[in-house]
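Residue-level structural notes
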There are 4 protein chains.
Amino acid sequence: MCCNAEILKVAVVGAGYWGPNLVRCFSGHEHTSCEYLCDLDLEAAARVARRFPGVRTTSDFDAVLNDPNVDAVAIATPVSTHFDLTSRALRAGKHTLVEKPLSLTGNEGERLVSLAAEQDLRLMCDHTFCYTAVVRRMQEIVSQGELGDILYFDSVRVNLGLFQSDINVLWDLCPHDLSIIDFVLPEDMKPVAVAAQGIDAANTGFESVAHLTLHFEKPMMAHIHANWLAPVKVRTMLLGGTRKMLVWDDTNPAERLKIYDKGINVSSEDREKLLVSYRHGEARIPVLDNSEALMNMVGEFASSISERRAPLTDGHAGLRVLRSLEAADKSLTQGGLQIKLPT
Amino acid sequence: MCCNAEILKVAVVGAGYWGPNLVRCFSGHEHTSCEYLCDLDLEAAARVARRFPGVRTTSDFDAVLNDPNVDAVAIATPVSTHFDLTSRALRAGKHTLVEKPLSLTGNEGERLVSLAAEQDLRLMCDHTFCYTAVVRRMQEIVSQGELGDILYFDSVRVNLGLFQSDINVLWDLCPHDLSIIDFVLPEDMKPVAVAAQGIDAANTGFESVAHLTLHFEKPMMAHIHANWLAPVKVRTMLLGGTRKMLVWDDTNPAERLKIYDKGINVSSEDREKLLVSYRHGEARIPVLDNSEALMNMVGEFASSISERRAPLTDGHAGLRVLRSLEAADKSLTQGGLQIKLPT
Amino acid sequence: MCCNAEILKVAVVGAGYWGPNLVRCFSGHEHTSCEYLCDLDLEAAARVARRFPGVRTTSDFDAVLNDPNVDAVAIATPVSTHFDLTSRALRAGKHTLVEKPLSLTGNEGERLVSLAAEQDLRLMCDHTFCYTAVVRRMQEIVSQGELGDILYFDSVRVNLGLFQSDINVLWDLCPHDLSIIDFVLPEDMKPVAVAAQGIDAANTGFESVAHLTLHFEKPMMAHIHANWLAPVKVRTMLLGGTRKMLVWDDTNPAERLKIYDKGINVSSEDREKLLVSYRHGEARIPVLDNSEALMNMVGEFASSISERRAPLTDGHAGLRVLRSLEAADKSLTQGGLQIKLPT
Amino acid sequence: MCCNAEILKVAVVGAGYWGPNLVRCFSGHEHTSCEYLCDLDLEAAARVARRFPGVRTTSDFDAVLNDPNVDAVAIATPVSTHFDLTSRALRAGKHTLVEKPLSLTGNEGERLVSLAAEQDLRLMCDHTFCYTAVVRRMQEIVSQGELGDILYFDSVRVNLGLFQSDINVLWDLCPHDLSIIDFVLPEDMKPVAVAAQGIDAANTGFESVAHLTLHFEKPMMAHIHANWLAPVKVRTMLLGGTRKMLVWDDTNPAERLKIYDKGINVSSEDREKLLVSYRHGEARIPVLDNSEALMNMVGEFASSISERRAPLTDGHAGLRVLRSLEAADKSLTQGGLQIKLPT
């Protein structure tokens, strides 16, 4: 993607669950290099860095920021630290990639977006799923109008575990769905309200089973079922349009995506005499490439910097996801009432 | 089920979509006979009755009610006529079976239940699914405590069509789910509030995609996804308990029901140091008999009458389903707010 | 299919497992009527005929043959009686439909085919599967060249039961596969040899697990796995061609047929430096109509008679199936050796 | 498995497709180390070794054999070199692990087995599948008698590609199935004859679609369908016994193994009056651990050496697989005739 011969020099912050994947991809991508792995736990950083010769370890974030050799910073630390670390990185003049969710509150997210704009730096949110072959294909199919107008978006993301100890199931799982919905739907189709229902089924202090609904200007609805307590793993999205519909079943690698030439035609002068006819056409299973999503994401980060343009999943996208989560939490405390999103 | 040698003599009202099935079962069951098929459209009735020698056709409902030979009436007419026809049947001293939903409003339903009690007659709602082998097994599993305490109930009932011209998708599809949930959950576990979200995706004047949530006293939630506009047929229920969980996939006849020895154990003195462990045990696929649900339902109607006891899915059950639907409609108009159910 | 307004008058012989289905279809089809149901067990015939007013019952086959009102006879009796009954029907000037297999031996089958030709009568074998939407579609796909040259045909037909007491599993199940293969493959592509392996796993005196292989002039092979002792029901056909491939999974009604744009390209000047490239294109799931196969078969029988042409699955087709079965039995006794088929 | 604290020092030979996996496992296992990676192509070896500090590269096999520090050799080179390299390794006093198949001919294989016995060294064949959780569980189930007497074994291993340029599809794919069958069946149940049918569908000089049948003393049959030209990947085994049956579907990770309480009971004094009843009981899906098969294999190699006992998949097992392949080739040239195996 990046056509600039220069190599983007990156420092990864956080040697926990996700950081090592970032180190691997920034080290392995032809347009990037990983200069530092920074973590307060130097031993943890060392364990990771051992497999990647050339990656220095440090626990001194300021030193990283002061190194003029570092072009960009990738933040993979706990969410509660995102705002502080990202602010400092941007102020130090570094392009910044942040894990999702962008921050803890919409206000914080907004300040990060503004700061990046002021500094004329790239702020990107790592919505990894948007860089999978299947989501990119869905985005193409929708943008080319193959589905017609979108009528609904339904996502099921359930499994047994992993319970988080500091956030509810919506904050844990829905950033995936929300970022995919944000990416796949047309530019001019953003949610206007959010409602959520959930229960703290395991008595852990946080909802472990929940349903989130996005509402839009037009009669269109997106729904996400998130559940840490399901006996089976389900990763399914249904996307219905006026012309066609599609199903993404991520647990069926051989037939991940199916596009159905199915739909209805409503013909009636008045609604009393409603005449609905059903269209049952052929389904097709497209071929999807096997490129690694995270590697594609890293490439997009580098390209957006070298091309001086917003990355596909920029700070605004991260902020929209964040605001939906924030509204969902509010709805949970108000009996499932729809909460309006800021426009 | 019925041990009385006497034959219950039944008049079926309505020769539309479902009536013929009732005629077939009341004719075929060893403890019942079908005396009449009554419909304003005598020709329609005649077309059906031709295949069932001994079934008389008539368009005169009063004549049916006045025939002392008729023990019971089965109402399979449009919902808007249920209240009138059922009231008249009960007043004429006939035991009455009504298709679901019981009536149009909770008030009407309540009056039917009271009337049946006053007349000391059986009032039954045809919740056919409760007489399938799979639902009866689920009810046994739950009542025997195999799942432990129930944590959530999740149902997906989506397909392409059939659009109804006078009711929304909740009234069309959810009577199935609501009656099953009512039947499977323990006696003392009835919903206290209902919330619903939906859209009129096809611009037909009624919601065609909707989500209904039932809330209970304890932190337990039931959710139903009903959709007339899905490209694939899904009929799945997930039922999670503190000890085990189950999945019912009605589109997979060879493995309709699976019981998973899966769950979590939460051990923590304080929530800050939450320790969740996951239990992954064996799953089993029980054998289910192939008896016809509708025939079982007919047998239960006959047995309840001969044994002078409430049928499994009596008027109260029908009324509970009806009130949930009514509350869901109210919630739809109030932005998804939870609506309390009468206790 | 039949454009002649005349009604074909048929006598069905045999009131056992399949006969009632023939009575139903000959009674129900617009171009045929069922005049008689003939069985030595008059009570059995009467039990069936009760549901079909207008069908006379008799145990006198000669009387049926002597009735000038009867145009055609449909034989659904045990295989051992096929030759005698079919010969007599043809000699009496009746068009004849016979259940599969056509008879017990190739010689008998040949004599029936000759007799029909001499009498200028239609002899048809009830290869019901050839009248399903999926097999007709497969035949079209192959004949239109969409798959290219056929490379192999693989069929799995396994299940628990039903054990037959007088024939082995090949004679029980493979007439389906053999008739489908005969129907789907091009006219000029008939097997030249048959091999079979099998075991009498349940010690019943007949093979209950067996594999049958058909060989052709060109390097093409068809294989059938037939098994009465499998814990799961499998009904799958794989059909590979030089251009595309297809899979028919009859236990998956929503996706019964899939056509894969997959294959290989072999490019090499000499075989030492073999260069094989793989083509992975889109798959498609065509829409199939829901017409009943047996009703279509009855229609084809009537049409072939009114149009004075051979039916799609005529006596020759029945004879080819029979000869393959006969050769398979011979191969079973000779350690799986390939047995040549008569040309 | 290995209780000896000593570390087994291994040299891996062959840096092609499989060798790097062996290097990874011998490097990673707590009871082994990888001293050398030996390949004629030193650059290829270096590319692999880069990721494993401490592994020396060489193209000098003799130097490896002369290094007294090396306890064992693992051969992952083309089959045609197995005999030579393994002989030399054994003569040099090294325990030897060989990739499957053991060698090109039964005679060669026999000589390797004898040589290992003479030298009192461990000779092991890398039948990796025998170290998966699912195959070990199948072996336990069979050996504990849960299935009763084994009636048949049916394996389907089909996919698109990868075509081999020097061997047919049986030699490429069936070592998996043959080694599994050899491992799972009881000790006293070894095949006595082999038959095979196949075609060179792609005109590459080797069979690309083939069927292999193993016959046993008793009426029991194993069948393998191997196909490089299938549009879908199928990895299924059916195993039928007199008491229970099982299905292994390797493409369904969540339900890889199912055990069915299904079967038949044959009760008849004489075969004329065969009475077969069918038993349809519950199925169960056991939990399988996620340990890596190759790592388990490496552990067994080390344990067998430290415990001075034959490894689970020793040279004899490798030889039995080899002889079945050899007989299959012979059968292919003789029209599918059963070829007796040496006893």
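Here, every reference points to the structure presented above.
Residues numbered from 1 in each chain as written. Chains lettered and ligands numbered in written order. Predicted model: local features only at pLDDT ≥ 70, side-chain atom pairs only at ≥ 80, totals over all residues. Heavy atoms only, no water.

Section: the relation of the copies chain B and chain D
Note on the identical chains: chain B maps onto chain D by a rotation of 180 degrees and an axial translation of 0.0 Å, with an RMSD of 0.1 Å. As the rotation angle and translation indicate, the two copies are arranged about a two-fold axis. Of every C-alpha in chain B, the one belonging to Arg284(B) sits nearest the axis of rotation, 2.1 Å from it. When you check the interface residues of chain B against chain D, 100% turn up at the interface there too, and the contact is symmetric in its surfaces. (Least-squares fit on C-alpha atoms with pLDDT ≥ 70 in both. Contact = heavy atoms within 4.5 Å.)

Description of the layout of surface pockets
A water-sized probe rolled over the atoms picks out the places where empty space is left. Residue and element names in this part refer to chain C. Here the second largest pocket defines a volume of roughly 1700 Å³. Lining the second largest pocket are 47 residues, with Tyr17, Trp18, Lys100, Gln164 and Asp172 positioned closest to its centre. For the lining of the second largest pocket, the secondary-structure elements that each account for two or more residues are helix H4 (82-91), strand S7 (150-160), helix H7 (169-184) and strand S11 (229-241). Sort the elements by how many residues they give to the lining of the second largest pocket and H7 lands first, with five residues. When the residues that make up the lining of the second largest pocket are grouped by side-chain class, the tally is 22 nonpolar, 15 polar and 10 charged. (1 Å grid on protein atoms, 1.4 Å probe; cavity = no way out; pocket = protein on both sides within 12 Å on 5 of 7 lines; lining within 4 Å. Points joined across faces, edges and corners; volume = space filled by probe spheres on them. Helix = DSSP H or I, 4+ residues; strand = E, 2+ residues; numbered from the N terminus. Nonpolar A, V, L, I, M, F, W, Y, C, P; charged D, E, K, R; others polar.)

As for the arrangement of the chains
For chain B and chain C, which are not in contact, the least C-alpha distance works out to 8 Å. For chain A and chain D, which are not in contact, the least C-alpha distance works out to 8 Å.

A short note on the relation of the copies chain B and chain A
Between the two copies, chain B and chain A, the superposition gives an RMSD of 0.1 Å; the rotation angle is 180 degrees and the shift along the axis is 0.0 Å. Both copies contact each other with a shared surface, as 100% of the interface residues of chain B are interface residues in chain A too.

Quick notes on the pattern of salt bridges
Counting across every chain of the model gives 84 salt bridges over all chains. Here Arg157(A) and Asp177(A) are joined by a salt bridge, their closest N and O atoms 3.0 Å apart. Of the two residues, Arg157(A) sits in strand S7 (residues 150-160) while Asp177(A) sits in helix H7 (residues 169-184), which places them 20 residues apart along the sequence. Each member of the pair, Arg157(A) as well as Asp177(A), is classed as buried. Between Glu282(B) and Arg284(D) there is a salt bridge; the shortest N-O distance is 2.9 Å. Of the two residues, Glu282(B) is situated in strand S14 (residues 275-285) and Arg284(D) in strand S14 (residues 276-285); the pairing between them involves two chains. If you follow the salt bridges from partner to partner, you end up with Glu146(A), Lys244(A), Arg284(A) and Glu282(C) in one network. (Salt bridge = Lys/Arg side-chain N within 4 Å of Asp/Glu carboxyl O. Buried < 20%, exposed > 50% of the residue type's maximum accessible area, 1.4 Å probe, protein only.)

A look at the pairing of S14(B)
In terms of strand pairing, strand S13 (residues 257-267) of chain B meets S14(B) through eight bridges, oriented antiparallel. Bridge pairing in S14(B) links Ile259(B) to Arg284(B). Strand direction decides the pairing type here: S14(B) and S14(D), joined by three bridges, are antiparallel. Paired with Ala283(B) across the bridge in S14(D) is Ile285(D). (Pairing = 2+ DSSP bridges.)

Considering the nonpolar core
Looking at soluble globular proteins, one finds that nonpolar side chains tend to be buried together. Core analysis: the largest hydrophobic core is formed by 251 residues, its most contacted members being Phe26(B), Phe153(B), Leu229(B), Phe26(D), Phe153(D) and Leu229(D). Those residues within four positions of Phe153(D) in sequence are excluded, and the remaining contacts are Met138(D), Ile180(D), Ile181(D), Val184(D), Leu185(D), Met220(D), Met221(D), Ala222(D), His223(D), Met237(D), Leu238(D) and Leu239(D). (Core = buried A, V, L, I, M, F, W, Y, C linked by side-chain atoms within 4.5 Å.)

Regarding the state of the cysteines
Taken as a whole, this structure holds zero disulfides over all chains when the rule is applied. Here Cys125(A) is not disulfide-linked; the sulfur of Cys130(A) is the nearest cysteine sulfur, at 9.5 Å. The closest cysteine sulfur to the non-disulfide-bonded Cys25(C) is located on Cys34(C), 11 Å from its own sulfur. (Disulfide = S-S within 2.5 Å.)

Observations regarding the sheet that holds strand S1 (residues 8-13) of chain D
Sheet strands line up and pair through hydrogen bonds in the backbone, either parallel or antiparallel. Residues and elements named next belong to chain D. On the basis of which strands lie adjacent, the open sheet formed by six strands has the order S3-S2-S1-S4-S5-S6 and parallel pairing. For this open sheet the edge positions go to strand S3 (56-58) and strand S6 (123-125), each flanked by a neighbour on one side alone. Averaged over neighbouring strand pairs, the angle between their axes works out to 25 degrees when direction is ignored. In this sheet, strand S2 (residues 32-38) lies alongside S1 in parallel orientation, the contact comprising six bridges. (Axes fitted to C-alpha atoms, helices over the stretch in contact; angles between N-to-C directions.)

Some details on the interface of chain B and chain D
In this complex, chain B contributes 11 residues to the contact, which on the side of chain D involves 11 residues. When chain B packs against chain D, close to 870 Å² is buried across both sides, 49% of that on carbon and sulfur atoms. Its largest share of buried area at the contact with chain D, chain B owes to Glu282(B), Ile285(B) and Val287(B), together 49% of the area lost on that side. Counting across the chain B and chain D interface gives four salt bridges. Between the two partners, chain B and chain D, sit six residue pairs in polar contact (both at pLDDT 80 or more). Sorting the residues of the side of chain B that touches chain D by element identifies S13 and S14 of chain B as the ones contributing at least two each. Residue contributions to the side of chain B that touches chain D peak at six residues, all from S14(B). Its residues assigned to classes, the side of chain B that touches chain D shows five nonpolar, two polar and four charged. (Buried area = accessible area lost by both parts, 1.4 Å probe. Polar contact = N/O pair within 3.5 Å; in protein donor to acceptor, adjacent residues only side chain to side chain.)

Details of the packing of aromatic side chains
Counted by the stated rule, this structure contains 20 aromatic pairs over all chains. Their ring planes at 40 degrees and their centres at 6.1 Å tell us that Tyr17(B) and Trp18(B) sit as a pair that is tilted. Judged by relative accessible area, which is 74%, Tyr17(B) ranks as exposed. One aromatic cluster is present, built from ring pairs that chain together Phe163(A), Trp228(A) and Tyr278(B). In this arrangement the basic side chain of Arg56(C) is found over the ring face of Tyr36(C), its NZ or CZ atom lying 4.5 Å from the centre. (Phe/Tyr/Trp six-rings, centres within 6.5 Å; stacked < 30°, edge-to-face > 60°. Lys NZ or Arg CZ within 6 Å of the ring centre and 35° of its normal.)

Looking at the pairing of strand S12 (residues 245-249) of chain A
Across a regular strand the side chains alternate sides, sitting on one face of the sheet and then on the other. All names here are of chain A. Judged by how many residues are buried, S12 sits mostly within the fold: four of five residues are covered. Across five bridges, strand S11 (residues 229-241) lies against S12 in antiparallel orientation. Bridge pairing in S12 links Met237 to Trp248. What sits between S11 and S12 in their antiparallel hairpin is a turn of three residues.

A closer look at the environment of Val156(B)
All names here are of chain B. Looking at the secondary structure, you find Val156 in strand S7 (residues 150-160). Assessed through its relative accessible area of 17%, Val156 is described here as buried. Taking the C-alpha atoms as reference, Val156 lies 6.4 Å from Ala226; in sequence the two are 70 residues apart. Setting aside residues up to four positions removed in sequence, Val156 forms contacts with His225, Val234, Arg235 and Thr236.

Concerning empty space enclosed by the protein
Residue and element names in this part refer to chain C. Counted under the stated rule, the structure contains eight cavities of 30 Å³ or more. Around the largest cavity, the lining residues are Leu178, Ile181, Asp182, Leu185, Met189, Lys190, Pro191, Leu214, Phe216, Arg320, Val321 and Ser324. Of all the secondary structure elements, the ones that give two or more residues to the lining of the largest cavity are H7 and helix H9 (315-332).

Description of the environment of Gly335(D)
Considering the arrangement of structural elements, one finds Gly335(D) in the loop between helix H9 (315-333) and strand S15 (339-340). Sequence separation of Gly335(D) and Gln197(D) is 138 residues, and the distance between their C-alpha atoms is 7.3 Å. Ignoring any residue separated from it by four or fewer positions in sequence, one finds Gly335(D) in contact with Gly336(C), Leu337(C), Gln338(C) and Gln197(D).

What about unusual backbone geometry?
The bulk of non-glycine residues show a negative phi, and the bulk of peptide bonds are trans. Leu162(B) follows Gly161(B) through a cis peptide bond whose omega is -15 degrees. Tracing the sequence through the fold places Leu162(B) in the loop between S7 and helix H7 (169-184). Cis geometry is adopted by the peptide bond preceding Pro101(C), which originates at Lys100(C) and carries an omega value of -10 degrees. Mapped onto the secondary structure, Pro101(C) falls in the loop between strand S5 (95-99) and helix H5 (106-119). At Arg308(A), a position not held by glycine, the phi torsion is positive, near 50 degrees.

Some thoughts on the interface of chain B and chain A
Of the residues lining the interface, 54 residues belong to chain B; the matching set on chain A comes to 54 residues. Between chain B and chain A, a total of about 4400 Å² is buried, with carbon and sulfur atoms accounting for 70% of that surface. The interface formed by chain B and chain A holds zero salt bridges in total. Scanning the region where chain B abuts chain A turns up 15 residue pairs in polar contact (both at pLDDT 80 or more). Secondary-structure elements contributing two or more residues to the side of chain B that touches chain A are S7, strand S8 (193-199), strand S9 (209-215), strand S10 (221-227), strand S11 (229-241), strand S12 (245-249), S13 and S14 of chain B. When the residues that make up the side of chain B that touches chain A are grouped by side-chain class, the tally is 29 nonpolar, 20 polar and five charged.

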